[in-house]
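Residue-level listing of the chains:
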Amino acid sequence: MSSLTITKRPLLPVIVITKDDLSTYTFNPHTSTFDFRVSSLTFTPPYDNVGGSFNLSMISSDATNSNMNTLLTNVNEGNELTISLGKTNATSTLIFRGIIERKEINESQKSFMSVTLSGPDWGSF
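About the cut-offs
- Residues numbered from 1 in each chain as written.
- Predicted model: local features only at pLDDT ≥ 70, side-chain atom pairs only at ≥ 80, totals over all residues.
- Heavy atoms only, no water.
- Pairing = 2+ DSSP bridges.
- Helix = DSSP H or I, 4+ residues; strand = E, 2+ residues; numbered from the N terminus.
- Polar contact = N/O pair within 3.5 Å; in protein donor to acceptor, adjacent residues only side chain to side chain.
- Salt bridge = Lys/Arg side-chain N within 4 Å of Asp/Glu carboxyl O.
- Buried < 20%, exposed > 50% of the residue type's maximum accessible area, 1.4 Å probe, protein only.
- Core = buried A, V, L, I, M, F, W, Y, C linked by side-chain atoms within 4.5 Å.
- Contact = heavy atoms within 4.5 Å.
- Phe/Tyr/Trp six-rings, centres within 6.5 Å; stacked < 30°, edge-to-face > 60°.
- Lys NZ or Arg CZ within 6 Å of the ring centre and 35° of its normal.

A. How the structure looks around the sheet that holds strand β7 (residues 93–99). In spatial order, the strands read β3-β2-β1-β6-β7; together these 5 strands make up an open sheet with antiparallel pairing. Edge positions in the open sheet fall to β3 (33–34) and β7, since each of these has one partner strand only. Bridge count for strand β1 (residues 12–18) against strand β2 (residues 24–28) is 4 bridges, and the pairing is antiparallel. Bridged to Thr18 within β2 is Thr24.

Laid out in structure tokens, this is it:
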């Protein structure tokens, strides 16, 4: 009987948003790269010929409106968003590729802005 090693680490998402100029914004908790912060993330990969979708709520890396405005000017409808999952950076596997279809801005307070990006799956594996 072989022994199994269980890695007691959470499965973490790595999110990459491609900007208009083809550079990227990255959220990677494995390498402490936080170009933005994730408030919530839901996604459904495609299955049985039914398309998937994603919904990402985020704030700027330092929670300021100025940085979020910079992000908003560089991310638009039609940009790509990818999601990888893994327990380490080396084991993260690309599982979702989506296209931004909607950008919703929520300013619940004068100096606090959150943005929700959503759209369909567009070629996941």
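Having seen it, we continue.
B. Summary view of the environment of Asp62. Positionally, Asp62 belongs in the loop between β5 (53–60) and α1 (65–74). In this structure the C-alpha to C-alpha distance between Asp62 and Ile83, which are 21 residues apart in sequence, comes to 22 Å. A polar side-chain atom of Asp62 sits 2.8 Å from a polar atom in the side chain of Thr64. In terms of polar contacts, Asp62 uses its side chain to reach the side chain of Asn67, at 2.8 Å.

C. Broad picture of the pattern of salt bridges. Scanning all chains against the criterion turns up 2 salt bridges. The salt bridge partner of Glu80 is Arg97, with a shortest N-O separation of 3.5 Å. Taken together, the positions of Glu80 in strand β6 (residues 80–86) and Arg97 in strand β7 put the pair 17 residues apart, joining distant regions of the chain. Of the residues examined, Glu80 reaches a relative accessible area of 27% and is grouped as partly exposed. Taking relative accessible area as the criterion, Arg97 reaches 24% and is therefore assigned partly exposed.

D. Here's a closer look at the nonpolar core. Residues Ile15, Ile17, Phe36, Leu56, Met58 and Leu117 are the most contacted members of the largest nonpolar core, which totals 19 residues. For this core, the secondary-structure elements that each account for two or more residues are β1, β2, β5, α1, β6 and β9 (112–120). Other than its neighbours up to four places away in sequence, Leu117 contacts Ile17, Phe54, Asn55, Leu56, Met58, Val75, Ile100, Arg102 and Lys103.

E. Main features of the packing of aromatic side chains. Taken as a whole and judged by the stated rule, the model has 4 aromatic pairs. Ring geometry for Phe27 versus Phe34: centroids 5.3 Å apart, planes at 55°, classification tilted. Residue class for Phe27 comes out buried when judged on its relative accessible area of 12%. Seen in terms of ring centroids, Phe54 and Phe96 are 6.0 Å apart; in terms of plane orientation they differ by 75°. Their pairing is edge-to-face. Residue Phe54 is found in strand β5, and its partner Phe96 is found in strand β7; the two are separated by 42 residues along the sequence. Accessibility classification places Phe54 together with Phe96 in one group, the buried group. By way of ring pairs, the aromatic residues Phe27, Phe34 and Phe36 are connected into one cluster. Cation over ring: Lys19 sits above Tyr25, and NZ or CZ is 4.5 Å from the ring centre. In this structure, Arg37 is placed above the aromatic ring of Phe34, and the distance from its NZ or CZ to the ring centre is 4.3 Å.

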